[in-house]
Every structure is written in structure tokens, then in C-alpha cells.
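One-letter residues, chain by chain:
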2 protein chains.
Amino acid sequence: MITSTANKKVKELAELSVKAKARAETGLFLAEGRKLFMEAPPEQIESVYVEENAYRGADTAMREKLDRVSFELVSGEVFRKISDTMTPQGIMTVVRQKKYETHALLNKTDGRAAMLLILENIQDPGNLGTMLRTAEGAGASGVIMTRDTVDIYSPKTIRSTMGSVYRVPFAVTEDLPGTLAELRAAGVCIYAAALVEGARVYDEPDYRKPCAFLIGNEGNGLRAETVAQADSRIIIPMKGCVESLNAAMAAGILLYEAARQRRV
Amino acid sequence: MITSTANKKVKELAELSVKAKARAETGLFLAEGRKLFMEAPPEQIESVYVEENAYRGADTAMREKLDRVSFELVSGEVFRKISDTMTPQGIMTVVRQKKYETHALLNKTDGRAAMLLILENIQDPGNLGTMLRTAEGAGASGVIMTRDTVDIYSPKTIRSTMGSVYRVPFAVTEDLPGTLAELRAAGVCIYAAALVEGARVYDEPDYRKPCAFLIGNEGNGLRAETVAQADSRIIIPMKGCVESLNAAMAAGILLYEAARQRRV
């Protein structure tokens, strides 16, 4: 059992928690809590750290999964050091990052048309996580993020995905115009959510065909040049004095409108 | 100018920031930042505190509004003491709480049918604020919360509303069954968002008539007895392994489905 916060492994875990660079260099990320341990694909689990009391109180399902992986016990003090939550559940999974090929983003497993979410410069970790969770729920085929979007592997984003990070294919693009051109060549119609003149109300287009929704930064929305590169511009009508919706909310309303049309 | 954090007013402001009890006893709440100052109804403004540098850097519109209210300058140290944000904008408005009559919740200003959001035991301040913001955007007539819902006047909730707290009528109910009976008597059809057998897909009902959406706690959903009291149970279909959507997201998808039907 690890009882010292000066332990080398503990220091490495603390770095994985707070430093995007450490996550990028090691190709690892932390997934905290019971749900994120239970849903972690076994082949992606690097190691698991369990606080001693959490181990004693573990239910059968958790014990069984722990028996099949390599795990280490840690003291309460050590766990608090590596934890990112106020009330830790006492289990931390170190997970290997997964790289997706472009075709994984373009082909839905159920054989339906692509439905993509493309995020430009999203900065709130909770928003990004919620978008992955909602994308899975709506049946999206993948999520593409610009390089300046917040790190998807930050502990808060991972928690907000509620496990969707294991299942929704995603990719970071260094070249958004190039990616948009690639998608268009693959027959995907690109819709920019933007409060611009001439934008159509979001429920007018036919989303049963391959489609992608561009969502911009929380404060500033999409860059003008990105809006110009889309095939079509759409707005979600707002009553009252509302100037914009929360970015994750806008993404969810668009994805669920596409899901609704495909279900009808 | 107030320069001491030991100043009596500063202590009162700090209490309004962290204590729901202080807010309830005084009937006041804090609205931090430029946007929440600019959108505050003048008749609800109790006082305003402006950090000295923020005052010097204020734009014309902000100066003009400041000229019409009673405000006080404070030092940077004092402002940080009363601020709830990491990068304060240097302006804090003390706002008088507003009580709404039931009819304000039941009658939309545009003369259309009531569209209500009813929240049971929502615990995340950001979620609650986002729900108010989205409710305004969708054209909801009001929001009703159970007593065990997080305090709507907490600084984080107020910020998340992006000003909607000034415009969306809301009420706290001590007696949810009584409130539901009252709404039903007024011709409102009550829909519970619940993952229960026999629930209809959320886009099937006709929301052009007066309607209310019941949304439950983030972790546990609605209480079984609350679900039983609704007129109808609805679900938002989820693909993949998603067990639930974020509570605010679910509320937004339902409200915007109602708005979509009313727009068609």
C-alpha cells in the first residue's frame, strides 16, 4: 500500500491530474470514481489506485473487475492528493488514450448517416464533457475539436462525460478548414450554429443525410471565417432578452433535432 | 472609497455571497459582473460596489447607468473579498429579490399558453442557472422549484442565468403535490421526464396546449411519487450506453421541443 504522498507514482498521478502536457507525453489520463472505473474498457486500463476504505467497502461487481486488473491500495491521504473531487469515491483509473481513425467518425456503428459535432475553441471543461455525453445519447458518430479547445482529458471533462469518453469517437484537428473540406468531400453537410443574418431556423434542414454541427466558443461563438466555411448557417430562436444559449445546450438541441428527424 | 475588508458593509456583502440564510433574511442577492449590472432592473437595485480600476475603465453605457444609481467605490482587495469569480470584472450589484404571483407563471406575456419548468431537488447551481437561461430562450412562462432545490440566489446560479433571473418568473413551492393540483386545475398538462416503463417519446405529445415539464435531481431523477402525480411520463431516447442526460440538457431539449411545436 502506498502511504506517502512523496511516492514517485503519486507524484506522477498528481501531474496527470493537473498537467495537460503530462497527459499528452504519457498518452494517459485519469478517470476518477466508481462509474468511470466500471465502464473503462479493460484493454485501455493502465493501472488502478484504490483507497483502502473504498476497497473494503467495494461491492461484488467492483471487486470482480478489480481482480482482473492490476491495482494498488493507497492511504486516504494519498488519495486526496491525486483526487480532483470534493468527496472522493476512492477509486482512480489510469487509462490509455485511444486514437480514432477518421472513418470511425464518419460511419455510425448502426450503419446510419454520419452525425458529427465540431467544436471550435470550447473552454469550459464541464461543457465539453456534457457535449460528449449528449452526443452519445443523440447517436452522434463522433466529435471533432480544434486544437485550442480545452483538453478533453482534464479530470473535470472526463467526469462530465459520465463514461461517454470511452465510447464516442473523437479527434483533435490542427487544420479546421482542411477537416471541413474533407468532410464535405465525404458528403457531409456542415451547419454552423451562428447568430448571423440569413441563417435558417435550426429545425428546417433535413438532418437525415450526413451532417455536422459547428459550435463555437462560449463567449464569442464561431470565428467569422469558420462560419463562412460552412455549407449552411442555422440559428436556435431565442425569446426574451437571451443573447445566446449555453454552448453545450445549443449542441444538445441541434443533435437531438437531428435524432428526432431520424427517428420519425 | 472602502479600503478595509473589516468594513461592516464588506462583511455583509461577503455573507450575502456565501450564506443562503443571509440572502433569505435580507431579501437581497449579489449579481456580479458588467452584464448582470447592466441588465438589472433599476427598481430592484439596492446598491452597487465598483472596484476603483473598473470604475476608471468603465465604458459610457456603464457610467451612465452608474450615474443613475447609488454606488460606492472599493479597493481591489475589498473587491476580491466579496467576489465569487477567479477574474473579477470589478462590479457587484446588490439586488432586491422579487416575488412572483402564481398568475405571472401561468400567463405568458405574448398571450400564448403556459409553458412551465418544474424542478425537484436540483443541486448543481450551474445547472439551475442554465435552466433559467434556457427557459427564457425557449419562451417558458416560468420556473417552479421545490424547497430542496439549490438556492436560486447563490452567486454561481445567478451568473449562470446570464441575466434571465431578472426576467423569468419563478417560485419556490413548499407543497409540490398541491402546486401540481393547482396547475392541473388551471388546465396545465404535467409531463414528468422519467425513465419509466410506458413513458412516451418526448416529441409525441402536443405541447401547443398549456404544459409543464417536471425535471428531477441530477443523480436520482424525480421521486417515484412525483412521477406518479404527473399526467403523462415522457423520455428522451438515448443511444449508446448513456443512462441519463444532464438535467439542464434534458430540460432544454423538452422546452425547445415545445417551442418548436409552437412555432410550426
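Computed from a prediction, not measured in an experiment: that's the story for all the values here. (Residues numbered from 1 in each chain as written. Chains lettered and ligands numbered in written order. Predicted model: local features only at pLDDT ≥ 70, side-chain atom pairs only at ≥ 80, totals over all residues. Heavy atoms only, no water.)

### Here we look at the relation of the copies chain A and chain B
Thought 1: The transformation that overlays chain A on chain B combines an axial shift of 0.0 Å with a rotation of 180°, and the residual RMSD is 0.0 Å. These values place the two chain copies in the arrangement generated by a two-fold rotation axis.
Thought 2: Comparing interface residues between copies, 100% of those in chain A also lie at the interface in chain B; the contact surface is shared. (Least-squares fit on C-alpha atoms with pLDDT ≥ 70 in both. Contact = heavy atoms within 4.5 Å.)

### Here's the deal with the sheet that holds strand E7 (residues 170–173) of chain A
Residues and elements named next belong to chain A.
Thought 1: One open sheet holds the 7 strands; their spatial order is E7-E6-E5-E10-E8-E11-E9, and the pairing between them is parallel. Whereas interior strands pair on both sides, the edge strands pair on one side only; in this sheet they are E7 and strand E9 (200–201).
Thought 2: Running at roughly 170° to strand E5 (residues 115–119), helix H8 (residues 125–138) makes contact with E5, strand E6 (142–146) and E7 of the sheet.
Thought 3: Contacts from helix H10 (residues 176–185) reach E5, E6, E7, strand E8 (189–193) and strand E10 (211–215), with the element oriented near 170° to E5. (Pairing = 2+ DSSP bridges. Helix = DSSP H or I, 4+ residues; strand = E, 2+ residues; numbered from the N terminus. Axes fitted to C-alpha atoms, helices over the stretch in contact; angles between N-to-C directions.)

### Some remarks on the packing of aromatic side chains
Thought 1: Enumeration over the complete set of coordinates arrives at 14 aromatic pairs over all chains.
Thought 2: Geometrically, the ring pair formed by Tyr207 of chain B and Phe213 of chain B is edge-to-face, given 5.0 Å between the ring centres and 70° between the ring planes. Exposure class is identical for Tyr207 of chain B and Phe213 of chain B. Each is buried.
Thought 3: By way of ring pairs, the aromatic residues Phe29, Tyr100, Tyr153 and Phe170 of chain A are connected into one cluster.
Thought 4: A cation over a ring is seen here: Arg63 of chain A above Tyr55 of chain A, with NZ or CZ 4.3 Å from the ring centre. (Phe/Tyr/Trp six-rings, centres within 6.5 Å; stacked < 30°, edge-to-face > 60°. Buried < 20%, exposed > 50% of the residue type's maximum accessible area, 1.4 Å probe, protein only. Lys NZ or Arg CZ within 6 Å of the ring centre and 35° of its normal.)

### Regarding the confidence of the model for chain A
Thought 1: Across chain A, the average pLDDT comes to 95, with 99% of residues at 70 or higher.
Thought 2: Here the prediction assigns the complex a pTM of 0.96, and the interface score ipTM is 0.95. (pLDDT = per-residue confidence, 0-100.)

### What to know about helix H8 (residues 125–138) of chain B
Side chains of residues three or four places apart in an α-helix project in the same direction, reflecting 3.6 residues per turn.
All names here are of chain B.
Thought 1: Helix length check: H8 (14 residues) gives 20 Å between terminal C-alpha atoms against 20 Å at 1.5 Å per residue, within 8%.
Thought 2: Burial within H8 is extensive, with 13 of its 14 residues counted as buried.
Thought 3: Positive phi appears at Gly139, one or two residues downstream of H8, with a value of about 85°. (Expected span 1.5 Å × (residues − 1).)

### A few points about the state of the cysteines
Residues and elements named next belong to chain A.
Thought 1: On inspection of all chains with the given rule, the structure shows 0 disulfides over all chains.
Thought 2: We note that Cys189 lacks a disulfide partner, and the nearest cysteine sulfur, in Cys211, lies 7.9 Å from it.
Thought 3: Judged by relative accessible area, which is 24%, Cys189 ranks as partly exposed. (Disulfide = S-S within 2.5 Å.)

### Some remarks on the pairing of strand E4 (residues 91–96) of chain A
Residues and elements named next belong to chain A.
Thought 1: With 5 of its 6 residues buried, E4 lies for the most part within the structure.
Thought 2: By the bridge criterion, 5 bridges tie strand E1 (residues 28–32) to E4 in an arrangement that is antiparallel. Pairing of Ala31 across the sheet is with Thr93, part of E4.

### Looking at the interface of chain A and chain B
Thought 1: Between chain A and chain B, the contact holds 34 residues from the first and 34 residues from the second.
Thought 2: When chain A packs against chain B, close to 2,700 Å² is buried across both sides, 54% of that on carbon and sulfur atoms.
Thought 3: Summed over the shared surface of chain A and chain B, the result is 6 salt bridges.
Thought 4: We note a salt bridge from Lys35 of chain B to Glu243 of chain A, for which the minimum N-O separation is 3.2 Å.
Thought 5: Secondary structure elements with two or more residues in the side of chain A that touches chain B: H8 and helix H12 (247–263) of chain A.
Thought 6: Tallying contributions element by element places H12 of chain A first for the side of chain A that touches chain B, with 8 residues.
Thought 7: Across the side of chain A that touches chain B, the residue classes tally to 13 nonpolar, 9 polar and 12 charged. (Buried area = accessible area lost by both parts, 1.4 Å probe. Salt bridge = Lys/Arg side-chain N within 4 Å of Asp/Glu carboxyl O. Nonpolar A, V, L, I, M, F, W, Y, C, P; charged D, E, K, R; others polar.)

### A short note on the sheet that holds E1 of chain A
All names here are of chain A.
Thought 1: An order of E1-E4-E2-E3 is seen for the 4 strands of this open sheet, with the pairing classed as mixed. Lying at the two open borders of the sheet, with one neighbouring strand each, are E1 and strand E3 (71–74). The mean angle between the axes of side-by-side strands here comes to 20°, regardless of whether they run parallel or antiparallel.
Thought 2: As paired elements, strand E2 (residues 45–51) and E4 share 5 bridges and run antiparallel to each other. For Tyr49, the partnering residue across the bridge sits in E4 and is Met92.
Thought 3: Strand contacts of helix H5 (residues 60–67): E2, E3 and E4, with the helix running at about 130° to E2, the strand carrying the most contacts.

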